[in-house]
Amino acid sequence: MERSEAAEAAGIPQQALPDLRPALEAILMVVDEPVAEVTLAQVLERPTIEIGAALRDLSEEYIAAGRGFDLREVAGGWRFYTRAECAPLVERFVRDGQTARLTQAALETLAVVAYRQPVSRARVAAIRGVNSDGVIRTLTARGLVEEAGTDPESQAVLYRTTSYFLERLGLRSLDELPELAPFLPDDVEIFEEKQ
């Protein structure tokens, strides 16, 4: 079956199909491991030899243009990689993003989750006195907090700290968290009873 016939059979208008090179670039942009030529040939409904030639042409074009990335054939497939001379910049970008400081709100929320886990967003908000939904999403995205099931009574999602949290703080377990009592005001028991 011709490519146009296969596209038509699948309900894709012919003009909607991109040319081979942009199609390869689009697919390779989203993969996280090398993709074999035969797999690309099946997806794009083209001969494997045509796919291989187009990939090699793209690779040579990127090298000649001095792009910040290369298209390489490794481990039986093709994938984009950072060019060697750009690797230190990418490493610094990734490292700086990973070590960005937490805001005061994030630190407060993380402390509430760490000491009260498993805890719902509503309970965190009640303790902090402000809505903490956005902060919890941020902490979850950074891998410091994760879902821990639901509360049987309210069906609210519960949150707990992750092993990455322990790793970042240099703790073996939550038992090593410092005692909270020395940092609390003397009237905390009265406050807790009112809650």
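Rules and cut-offs
- Residues numbered from 1 in each chain as written.
- Predicted model: local features only at pLDDT ≥ 70, side-chain atom pairs only at ≥ 80, totals over all residues.
- Heavy atoms only, no water.
- Phe/Tyr/Trp six-rings, centres within 6.5 Å; stacked < 30°, edge-to-face > 60°.
- Buried < 20%, exposed > 50% of the residue type's maximum accessible area, 1.4 Å probe, protein only.
- Helix = DSSP H or I, 4+ residues; strand = E, 2+ residues; numbered from the N terminus.
- Pairing = 2+ DSSP bridges.
- Contact = heavy atoms within 4.5 Å.
- Axes fitted to C-alpha atoms, helices over the stretch in contact; angles between N-to-C directions.
- Core = buried A, V, L, I, M, F, W, Y, C linked by side-chain atoms within 4.5 Å.
- Arc of directions from axis to C-beta.
- Salt bridge = Lys/Arg side-chain N within 4 Å of Asp/Glu carboxyl O.

### Comments concerning the packing of aromatic side chains
Next, step 1: Applying the stated criterion across every chain yields a total of three aromatic pairs.
Next, step 2: When the centroid spacing of 4.9 Å and the interplanar angle of 65 degrees are considered together, the rings of Y62 and F69 count as edge-to-face.
Next, step 3: Residue Y62 is classed as buried on the basis of its relative accessible area of 1%.
Next, step 4: A relative accessible area of 27% places F69 in the partly exposed class.
Next, step 5: On the basis of an interplanar angle of 50 degrees and a centroid distance of 5.8 Å, the ring pair of Y62 and F80 is categorised as tilted. Of the two residues, Y62 is situated in helix α4 (residues 48–65) and F80 in strand β2 (residues 77–82); the sequence distance between them amounts to 18 residues.

### Description of the sheet that holds strand β3 (residues 119–120)
Next, step 1: With respect to topology, three strands assemble into an open sheet ordered β3-β5-β4, the strand pairing being antiparallel. Two strands in the sheet have a free side with no partner beyond their single neighbour: β3 and β4 (145–150).
Next, step 2: With four bridges connecting them, β4 and strand β5 (residues 157–161) associate as antiparallel partners. Bridging from a neighbouring strand, T150 pairs with V157 of β5.
Next, step 3: Contacting β3, β4 and β5, helix α6 (residues 104–116) crosses the sheet at an angle of about 95 degrees to β5.

### Structural notes on the nonpolar core
Next, step 1: One finds L110, V124, L139, V145 and F165 to be the most contacted residues of the largest nonpolar core, which totals 17 residues.
Next, step 2: Secondary structure elements with two or more residues in this core: α6, α8 (133–141) and α9 (163–169).
Next, step 3: With five residues, α6 is the largest single contributor of residues to this core.
Next, step 4: Excluding its chain neighbours within four sequence positions, the residues that come into contact with L110 are L102, L139, L144, V145, T161 and F165.
Next, step 5: Core analysis: the second largest hydrophobic core is formed by 16 residues, L24, L28, W78 and F80 among them.

### Here's the deal with helix α3 (residues 37–44)
Because each turn of an α-helix spans 3.6 residues, side chains separated by three or four positions end up pointing in the same direction.
Next, step 1: For α3, every residue scored as buried is listed here: E37, L40, A41 and L44. Taken around the axis of α3, the buried residues stretch over an arc of 105 degrees, which confines them to a single face. Across from the buried face of α3, at angles greater than 90 degrees, the exposed residues are Q42 and V43.
Next, step 2: After α3 finishes, the residue E45 shows a positive phi value of roughly 55 degrees.

### Considering the pattern of salt bridges
Where charged atoms from two side chains of opposite charge approach closely, those side chains can pair.
Next, step 1: Enumeration over the complete set of coordinates arrives at eleven salt bridges.
Next, step 2: Measuring nitrogen to oxygen at the nearest pair gives 3.7 Å for the salt bridge that ties R72 to D70.
Next, step 3: As a salt-bridge pair, R160 and E146 come within 2.8 Å of each other at their nearest N and O atoms. Taken as a pair, R160 in strand β5 and E146 in strand β4 lie far apart in primary sequence, 14 residues in all.
Next, step 4: Here R160 falls in the partly exposed class, since its relative accessible area comes to 37%.
Next, step 5: It is possible to trace a salt-bridge network through shared partners that takes in D70, R72, R83 and E85.

### Considering unusual backbone geometry
The general pattern is negative phi for most residues beyond glycine and trans for most peptide bonds.
Next, step 1: With omega at -5 degrees, the peptide bond leading from Q117 into P118 counts as cis.
Next, step 2: Looking at the secondary structure, you find P118 in the loop between α6 and β3.
Next, step 3: For E45, which is not glycine, the phi torsion reads 55 degrees and is therefore positive.
Next, step 4: In this structure, E45 sits in the loop between α3 and α4.

Take it as geometry only, folks, not as evidence of what the structure does.
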